[in-house]
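# Coordinates in review
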Amino acid sequence: QQQVKQSPQSLIVQKGGISIINCAYENTAFDYFPWYQQFPGKGPALLIAIRPDVSEKKEGRFTISFNKSAKQFSLHIMDSQPGDSATYFCAASMKNTDKLIFGTGTRLQVFP
Amino acid sequence: EAGVAQSPRYKIIEKRQSVAFWCNPISGHATLYWYQQILGQGPKLLIQFQNNGVVDDSQLPKDRFSAERLKGVDSTLKIQPAKLEDSAVYLCASSPLGAAGGLYEQYFGPGTRLTVT
């Protein structure tokens, strides 16, 4: 119930393509869904986040799509660049708590 | 603004030895978190402090792990004795107040990579 399932484990995309990473959850008490980006040797950094009262949030080339009924959310990276090559984690937390439950991560490689 | 500082960056110890990690959060951040990130997995929260009080330590293996945050600023995480399965990156994060379901961002440090042989 506390898990967040993430797929795929790894993703290879050509420069300019669209990268899509999916996450699914079971606990309907989750109400905050962030995505983190992590480069080798660095800590995760918040990329974009969404709450379940909206179905989509866009920031630049990054978009979260949220499907509350299916309990799924996904990250779309448009016009993927080599600099986007990193590991991406989805996460979730419940209302009025700080505890983030992370997915297992997706290693994205963008080739020129 | 300086980020979250952690030291050491790398540590190699033998099983049954003890080890300690240090974290200095962003100035003024009331909340401090320690996470364990095993290779190939997402970070898992070990303990959360609000100022110098513990908010959540439900996933901290208390028979071998301990943490303190004296004076509500710096924090240390200790493992004694270490086991092979403790090999991981230990991440420290801080936020201005309790993140309250995402109200405030958690800022992560670079982590300490621990290898237990």
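Scope of this entry: the structure provided in the associated data block. From a predicted model like this one, the values you see are computed outputs, not experimental measurements.

A cluster of nonpolar residues, Ile18, Ile20 and Met78 of chain A, forms a patch on the protein surface that exposes about 240 Å² of accessible area. Within the fold, Ile20 of chain A resides in strand S3 (residues 19–25).

The next thing to look at is the sheet that holds strand S1 (residues 5–7) of chain B. All names here are of chain B. An order of S1-S3-S8-S7 is seen for the four strands of this open sheet, with the pairing classed as antiparallel. Every interior strand has two partners, whereas the edge strands, S1 and strand S7 (65–68), have only one. Within this sheet the neighbouring strands show an average axis-to-axis angle of 15°, counted without direction. With four bridges connecting them, S7 and strand S8 (residues 75–79) associate as antiparallel partners. When the sheet's bridge partners are listed, Glu68 is paired in S8 with Thr76.

The geometry of an aromatic ring pair comes down to the distance between the two centres and the angle between the two planes. All names here are of chain A. For the coordinates displayed, the defined rule picks out 17 aromatic pairs over all chains. A centroid spacing of 4.8 Å and a plane angle of 45° characterise the contact between Phe33 and Phe66, whose relative ring orientation is tilted. Placement of Phe33 in strand S4 (residues 30–38) and of Phe66 in strand S7 (residues 62–67) is noted, with a sequence separation of 33 residues between them. Across the pair, exposure class does not vary: Phe33 and Phe66 are buried alike. Through a chain of ring-to-ring contacts, three or more aromatic side chains come together here, namely Tyr25, Phe30, Phe33, Trp35, Phe66 and Phe73.

With 20 residues of chain A at the contact, the number on the chain B side is 25 residues. For the pair chain A and chain B, the interface holds zero salt bridges. Where chain A meets chain B, there are four residue pairs in polar contact (both at pLDDT 80 or more). Mapped onto the side of chain A that touches chain B, the elements with two or more residues apiece are S4 and strand S9 (86–94) of chain A. For the side of chain A that touches chain B, a count of residues per class yields eight nonpolar, eight polar and four charged.

Cut-offs and rules
Residues numbered from 1 in each chain as written. Chains lettered and ligands numbered in written order. Predicted model: local features only at pLDDT ≥ 70, side-chain atom pairs only at ≥ 80, totals over all residues. Heavy atoms only, no water. Patch = residues over 30% accessible without salt bridge, like charges linked within 9 Å, V, L, I, M, F, W, Y side chains within 5 Å. Areas by Shrake-Rupley, 256 points an atom, 1.4 Å probe, with all protein chains shown as cover. Salt bridge = Lys/Arg side-chain N within 4 Å of Asp/Glu carboxyl O. Helix = DSSP H or I, 4+ residues; strand = E, 2+ residues; numbered from the N terminus. Pairing = 2+ DSSP bridges. Axes fitted to C-alpha atoms, helices over the stretch in contact; angles between N-to-C directions. Phe/Tyr/Trp six-rings, centres within 6.5 Å; stacked < 30°, edge-to-face > 60°. Buried < 20%, exposed > 50% of the residue type's maximum accessible area, 1.4 Å probe, protein only. Contact = heavy atoms within 4.5 Å. Polar contact = N/O pair within 3.5 Å; in protein donor to acceptor, adjacent residues only side chain to side chain. Nonpolar A, V, L, I, M, F, W, Y, C, P; charged D, E, K, R; others polar.

Structural measurements only, silent on function.
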